[in-house]
Amino acid sequence: MSKIGIIVSSSNNNLKLGLKFQELAKDLNIETDLINLVDYNLPLYSTNEEEKNGIPESALDLATKIMDLKAFIIIAPEYNGVMPPVLNNAMAWTSRATKNWRDAFNDKDVALATHSGGGGQKGLQAMRIMFQHLGANILAREILTTYEKSLNEDNAKTILIKLAKLSNS
């Protein structure tokens with residue numbers, strides 16, 4: 001069975017959501033690889049940065065990890081109505097660290113999730129636009145939790161099972 005990547009862009013509530021997905025996956029005998037983008041501490045992407053210092057080793061490591069996976073749950077908070085800078089920056093470096101800029105996500109299956117102190121829907125929409133542009137197949141069902149609305153574990157399990165099936169087909 002293929003592993004499902006759980007890509008998290010937070011050290012707070014979205015990381016807790018990622019860890020909960022990992023726990024639920026374990027209960028379902030689905031193997032996961034939790035990748036917290038915050039831990040990579042990537043420099044801010046710019047063409048000047050890339051020309052001056054090349055692609056960071058940590059970006060190459062991240063791209064290799066992502067390339068080895070077929071399905072993902074992307075978990076990120078909403079920042080100012082879009083996705084957090086750490087997610088956008090990591091995907092910029094990942095697209096530069098692969099042979100073709102779409103290699104990391106092209107034809108891979110992706111579910112989106114967020115824990116938001118605000119609305120969260122705009123962040124999910126921004127992630128949907130970016131990952132579709134990178135060639136991913138985005139699941140229609142999303143997870144949006146807030147301080148008032150906890151995770152529906154049945155929905156989370158349904159997403160995990162769907163991603164596991166898709167990654168093995």
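Predicted model, so just to flag it, every value in this text is computed and none were measured.

Rules of the game
Residues numbered from 1 in each chain as written. Predicted model: local features only at pLDDT ≥ 70, side-chain atom pairs only at ≥ 80, totals over all residues. Heavy atoms only, no water. 1 Å grid on protein atoms, 1.4 Å probe; cavity = no way out; pocket = protein on both sides within 12 Å on 5 of 7 lines; lining within 4 Å. Points joined across faces, edges and corners; volume = space filled by probe spheres on them. Nonpolar A, V, L, I, M, F, W, Y, C, P; charged D, E, K, R; others polar. Buried < 20%, exposed > 50% of the residue type's maximum accessible area, 1.4 Å probe, protein only. Helix = DSSP H or I, 4+ residues; strand = E, 2+ residues; numbered from the N terminus. Pairing = 2+ DSSP bridges. Right-handed = clockwise from strand over helix to strand, strands pointing away. Axes fitted to C-alpha atoms, helices over the stretch in contact; angles between N-to-C directions. Parallel < 35°, antiparallel > 145°, perpendicular 65-115°, else oblique. Contact = heavy atoms within 4.5 Å. Phe/Tyr/Trp six-rings, centres within 6.5 Å; stacked < 30°, edge-to-face > 60°. Salt bridge = Lys/Arg side-chain N within 4 Å of Asp/Glu carboxyl O.

Peer 1: Describe in detail empty space enclosed by the protein, supporting the description with residues and values.
Peer 2: Enumeration according to the criterion identifies one cavity of 30 Å³ or more in this entry. There is about 30 Å³ of room inside the largest cavity. Among the residues forming the lining of the largest cavity, the class breakdown is five nonpolar, two polar and no charged.

Peer 1: I'd love a proper account of the pairing of strand β1 (residues 4–8), names of residues and values included.
Peer 2: Among the five residues in β1, five count as buried, and that is most of the element. The side-chain alternation of β1 yields two buried faces, one formed by Ile 4, Ile 6 and Val 8 and the other by Gly 5 and Ile 7. As paired elements, β1 and strand β2 (residues 32–36) share five bridges and run parallel to each other. For Val 8, the partnering residue across the bridge sits in β2 and is Asn 36. For the crossover that starts at β1, traverses helix α1 (residues 13–27) and ends in the parallel β2, the hand is right-handed. In the sheet, β1 pairs with strand β3 (residues 71–75) via five bridges, with the strands oriented parallel. Bridging from a neighbouring strand, Ile 4 pairs with Ala 71 of β3.

Peer 1: I'd love a proper account of the packing of helix α4 (residues 85–96) against helix α5 (residues 121–133), names of residues and values included.
Peer 2: Where α4 contacts α5, the two axes come as close as 12 Å, and the packing angle between them is 0°. In terms of axis orientation, α4 runs roughly parallel to α5. Touching Leu 87, Asn 88 and Met 91 of α4 are Met 127, Met 130 and Phe 131, all from α5.

Peer 1: Just give me the short version of the packing of aromatic side chains, but keep the residues and values in it.
Peer 2: Under the defined criterion, the tally for this structure stands at three aromatic pairs. For the ring pair Tyr 45 and Trp 93, a centre distance of 4.8 Å and an interplane angle of 85° mean the geometry is edge-to-face. One end of the pair, Tyr 45, is in the loop between β2 and α2 (47–53); the other, Trp 93, is in helix α4, and 48 residues separate them in sequence. Judged by relative accessible area, which is 0%, Trp 93 ranks as buried. Taken together, a centroid distance of 5.0 Å and an interplanar angle of 75° make the contact between Phe 105 and Phe 131 edge-to-face. Taken together, the residues Phe 105 in the loop between α4 and β4 (109–116) and Phe 131 in helix α5 connect sequence positions 26 residues apart. Through a chain of ring-to-ring contacts, three or more aromatic side chains come together here, namely Phe 72, Phe 105 and Phe 131.

Peer 1: Run through the pattern of salt bridges, naming residues and quoting values.
Peer 2: In total, this model carries five salt bridges according to the counting rule given. Between Lys 20 and Glu 23 there is a salt bridge; the shortest N-O distance is 3.0 Å. One end of the pair, Lys 20, and the other, Glu 23, are both in helix α1, three residues apart, so they sit about a helical turn from each other. In this structure, Glu 142 and Arg 128 form a salt bridge, with 2.9 Å as the shortest nitrogen-oxygen distance. Of this pair, Glu 142 sits in the loop between β5 (137–138) and β6 (143–146) while Arg 128 is found in helix α5, placing the two residues 14 residues apart along the sequence. Put simply, Lys 20, Glu 23 and Glu 153 are held in one network by salt bridges that share partners.

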